[in-house]
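These are the residues of each chain, in order.
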Amino acid sequence: MFKFKFIFNFRLAIIGLAFCGLSSCSKHAYLFTSFHEPATDGLRLLYSYDAYHWTDLNKTFLKPTVGTQKVMRDPSIVQGPDGIFHLVWTCSWKGDKGFGYASSKDLINWSEQKFIPVMESEPKTVNVWAPEIFYDEENRQYVMIWASTIPSRFAKGVEEEDNNHRMYAITTKDFITFSQPRLFLDPGFSVIDAVIVKRATKDYVLVLKDNTRPNRNLKVAFGKEALGPYENVSATFSPKLTEGPTVVKVKNNWLIYFDAYGQKTYSAYKTADFKSFKDVTSEVSVPEGHKHGTIIKIKRKVIEGLNGK
């Protein structure tokens, strides 16, 4: 009798896996923040059960109300240890000295939006672009990095003074009080769209865009702390005219998604060590219209809630 029950239950398990699919039976899923041009409608979300094939939830979840232009570009999200989601975004092309912020427990009901004036102490700031938010477990704080241009602050290089970006950072534990902004990365060239990746304790990677006119492609750098310093900037691993990277770990590899706008496609590269990279664009599917966002791993029930199940 025991043998019969074992065989019967084993067969049921196999049938169950075949019915729901190995990936979709997982208790976890992946969320990809997004926006569509012209960026006035607000936050869009994609989801996936394998981090390769993405589905658009096909609606907006948060309409931007802060900033001069009141747009939502480059939405970046993180889920804190308390389960709260924190979202930051670019709210104007130029003129603003800060970015937008809101939080949510379920991605449906959101807090009042705030404008965080991170560069108000620098009156010549041209822009505040593509803020990325990261939870620093080792120091129990949130780190936000972004690109800004302050004319004549750095060696001009090949860029015009109003397009010579460097990366800046602030930290917070409660989104009420913030550190003073600090220079986060000056690699000796105009840089935007940087994202922090934690591989292990005291082992971080920074994926960044070299925004100089001859290049406009992606590189990596390495550091021992979330706030850097980041060193040993690599040669590029992406084609020209690429931007907006985000990184997600899948099993033993990392997937780096980015907007290959020069090729008019959304691409993905796979790496195990951030030294060698494989183009896996043909293996992923990203809905048309999707733009620069952040991928995080979440509980499957969050997606079910967004789908109204």
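What counts, and at which threshold
Residues numbered from 1 in each chain as written. Predicted model: local features only at pLDDT ≥ 70, side-chain atom pairs only at ≥ 80, totals over all residues. Heavy atoms only, no water. Helix = DSSP H or I, 4+ residues; strand = E, 2+ residues; numbered from the N terminus. Contact = heavy atoms within 4.5 Å. Pairing = 2+ DSSP bridges. Axes fitted to C-alpha atoms, helices over the stretch in contact; angles between N-to-C directions. Buried < 20%, exposed > 50% of the residue type's maximum accessible area, 1.4 Å probe, protein only. Polar contact = N/O pair within 3.5 Å; in protein donor to acceptor, adjacent residues only side chain to side chain.

Undergrad: Now, about the environment of Lys27: what can you tell me, with residues and values included?
TA: Among the secondary structure elements, Lys27 is positioned in the loop between helix 1 (2-20) and strand 1 (28-34). A C-alpha to C-alpha distance of 6.0 Å links Lys27 and Lys299, two positions 272 residues apart in sequence. Beyond its immediate sequence surroundings of up to four residues, Lys27 is in contact with Ile298, Lys299 and Arg300.

Undergrad: Give a detailed account of the sheet that holds strand 7 (residues 114-116), specifying residues and quantitative values.
TA: Taken in spatial order, the 4 strands line up as 4-5-6-7 in an open sheet, and their pairing is antiparallel. Bordering the open sheet on either side are strand 4 (73-79) and strand 7, each of which pairs with just one other strand. On average, each strand axis in the sheet is tilted by 30° relative to the strand beside it, whichever way the strands run.

Undergrad: Kindly report on the pairing of strand 2 (residues 44-48), identifying the contributing residues and their values.
TA: Within strand 2, 5 of the 5 residues are buried, leaving the element largely enclosed by the surrounding structure. Residues Arg44, Leu46 and Ser48 of strand 2 are buried on one face, and the alternating residues Leu45 and Tyr47, pointing to the opposite face, are buried as well. Pairing between strand 1 and strand 2: 5 bridges, direction antiparallel. For Tyr30, the partnering residue across the bridge sits in strand 2 and is Ser48. By the bridge criterion, 3 bridges tie strand 2 to strand 3 (residues 55-60) in an arrangement that is antiparallel. Counted as the bridge partner of Tyr47 is Thr55 from strand 3.

Undergrad: Could you give an account of the side chain of Thr294, naming the residues involved and the relevant values?
TA: Inspection of the secondary structure assignment puts Thr294 in the loop between strand 18 (278-279) and strand 19 (295-299). With a relative accessible area of 5%, Thr294 lands in the buried category. A distance of 3.4 Å separates a polar atom in the side chain of Thr294 from a polar atom in the side chain of Glu132. If near-sequence neighbours (up to four positions away) are discounted, Thr294 is found in contact with Leu31, Phe32, Thr33, Pro75, Ser76, Ile77, Glu132 and Thr246.

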